[in-house]
Amino acid sequence: MGTVNPALLTGLHRRYNPLLDEWVLVSPHRLSRPWQGQVEPAHADDRPAHDPTCYLCPGNTRANGLRNPAYPSTYAFDNDFPALVEAEPGRKPPPIPGRAAPDQPVGAPGTINVAQGFPPPREALRRDHAAVVRPASCSPVSDGLLRALPQRGVCRVICFSPRHDLTLARMETTGIRDVADLWAEEVERAARAGWLRYVQVFENKGAAMGCSNPHPHGQIWASAEVPHLPERKLAMQAKYHAAHGRDLLGDYLARELAEGVRVVCQNDAWVVLVPFWAVWPFETMVVPRRCVDDLRSLTPDERLLLAAVFRDLTARYDNLFRCPFPYSMGWHGRTIDGAANPGCRLHAVFYPPLLRSATVRKFLVGYEMTAEPQRDLTAEHAADRLREQSPVHYLDRR
Ligand SMILES: [Zn+2]
């Protein structure tokens, strides 16, 4: 296995993303341009351990009148304002071909008719704790260029910790392991429903990414149809597997470990790297050394080592600009409908928007919206910057 001469990657060029079949324009010479654009407010992280106004803190009342239990570690509940909802009340959702039909009609109790408006009146929600707005059913549309399909699903919120003031970067490794266990339980919960095909596990952190609540939490959106980004990744991995008889990310990981220049940190089960084709300035991918395709298939050791590597990476992110580093993180793995998914390897992606400091972010606008993504900082330079950070959080150094 050869290595790419780094000198070839310092000039203006495009890089190919084999997971999404996309290109990114890399213009390292632009790093020297003056910045007169938007500056984000710097967020001082002085949150209390418990915030009586936070709807995710233990013991607090949410917008729909439900009270959170005094949970000691993690806590999952149905999103009070879900983007995806289950089938219509009393009606069984269509089963996935080849699988047993779901046992229960879904959505029967506590249903609120969409005619009541959105958000539904608080009184109505308080009447029934299982209340969720159920939109009217949509029929498929296939009329030439105009196509539409119904979509159904389940949205869950998962609190990572009872502590309002923590983030993954400052949680104990065992606490993050509990989060990994809950992710796996939630995937299993969705799979057991019998009518869901894909589970997107993600975390949106920081106001710069549109996160509305600083309490450490993530989301689970499970849907009856596979969303297009994971679908494309699965298709590209299947195509590679058919051509080579090996998995794409396994071959890619071996290549990155041989080259070394884009690896940020690693342990016995996981490797964190800045993908060769990264779009966001400090984008990273977390890849398991073992070819595993589902969060549920991780061994207890792999979950603990996953927690360690997540803590290491997120602390490095915070240390980079000495601020709570915003990002969107998501897991990509197999579908939950029993499909074969050949060549699929589980992985997590982190997309952080910050570019030069805690207050200057990258925008995907102009050329990025109309042509293709573009970056200034090379993936190799970004990996250098992350590698030189301490894995010990700056607030935890004494
Ligand atoms: Zn809170």
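Analysis parameters
Counting restarts for each chain: residues are numbered from 1 in the order of the written sequence. At least 70 in pLDDT is required for a residue's local features to be given in this predicted model, at least 80 for side-chain atom pairs to be given and counted, and no such filter applies to totals for whole chains, interfaces and linings, which use all residues. In this description a helix means any DSSP run of H or I spanning at least four residues, a strand means any run of E spanning at least two, and both kinds are numbered starting from the N terminus. Exposed residues have 12 or fewer other C-beta atoms within 10 Å of their own C-beta, buried residues have 20 or more, and residues in between are partly exposed; the C-beta atoms are placed from the backbone. The contact rule is simple: place each C-beta atom from the backbone, and if two of them lie within 7 Å, those residues are in contact. Helix span, as expected, comes to 1.5 Å for every residue beyond the first. Only strands that DSSP links by at least two bridges are regarded as paired with each other. Directions pointing from the helix axis toward each C-beta atom define the arc.

Novice: With reference to specific residues and values, describe the overall build of the protein chain.
Specialist: Assigned secondary structure in the protein chain consists of seven helices and 18 strands. Residue burial in the protein chain is summarised as follows: out of 398 residues, 37% are buried. Summarising the internal contacts of the protein chain: among those between residues at least 6 apart in sequence, 69% fall at separations of at least 24.

Novice: Go over helix 2 (residues 173-193) with me, naming the residues and quoting the values.
Specialist: An α-helix turns once every 3.6 residues. As a result, residues three or four positions apart point the same way. With 21 residues, helix 2 should cover 30 Å at 1.5 Å per step; its first-to-last C-alpha distance of 31 Å lies within 8% of that length. When we look at burial in helix 2, the residues that qualify are G175, I176, R177, V179, A180, L182, W183, E186, V187 and A190. In this fold, the buried residues of helix 2 make contact with strand 3 (75-78), strand 8 (153-159), strand 9 (198-205), strand 10 (217-223) and helix 5 (300-321). Directly after helix 2, the chain includes G194, whose backbone phi takes a positive value near 85°.

Novice: How would you sum up the sheet that holds strand 1 (residues 13-17)? Please name residues and give values.
Specialist: With mixed pairing, three strands are arranged side by side in an open sheet as 1-2-18. On the outer flanks of this sheet lie strand 1 and strand 18 (374-375), each paired with one strand and no other. Two elements, strand 2 (residues 22-26) and strand 18, share two bridges in a ladder whose sense is parallel. Looking across to strand 18, one finds that V26 is bridged to R375.

Novice: Talk me through helix 3 (residues 228-244); I want residue IDs and the actual numbers.
Specialist: For helix 3, which comprises 17 residues, the first-to-last C-alpha distance of 24 Å matches the rise-based estimate of 24 Å (1.5 Å per residue) to within 8%. Of all the positions in helix 3, only P230, K233, L234, Q237 and Y240 are classed as buried. Buried residues of helix 3 fall within an arc of 125° about the axis and therefore sit on the same side. Facing away from the buried side of helix 3 by more than 90 degrees, the exposed set consists of H228, A242 and A243.

Novice: Lay out unusual backbone geometry in plain terms, naming residues and giving numbers.
Specialist: Here the phi dihedral of D21 falls at roughly 55°; this positive angle occurs in a residue that is not glycine. Looking at the element boundaries, D21 is found in the loop between strand 1 and strand 2. For N341, which is not glycine, the phi dihedral falls at a positive 50°. Taking the number of C-beta atoms within 10 Å as the measure of exposure, N341 has 18 and is therefore partly exposed.

Treat this as a map of the structure, not an account of what it does.
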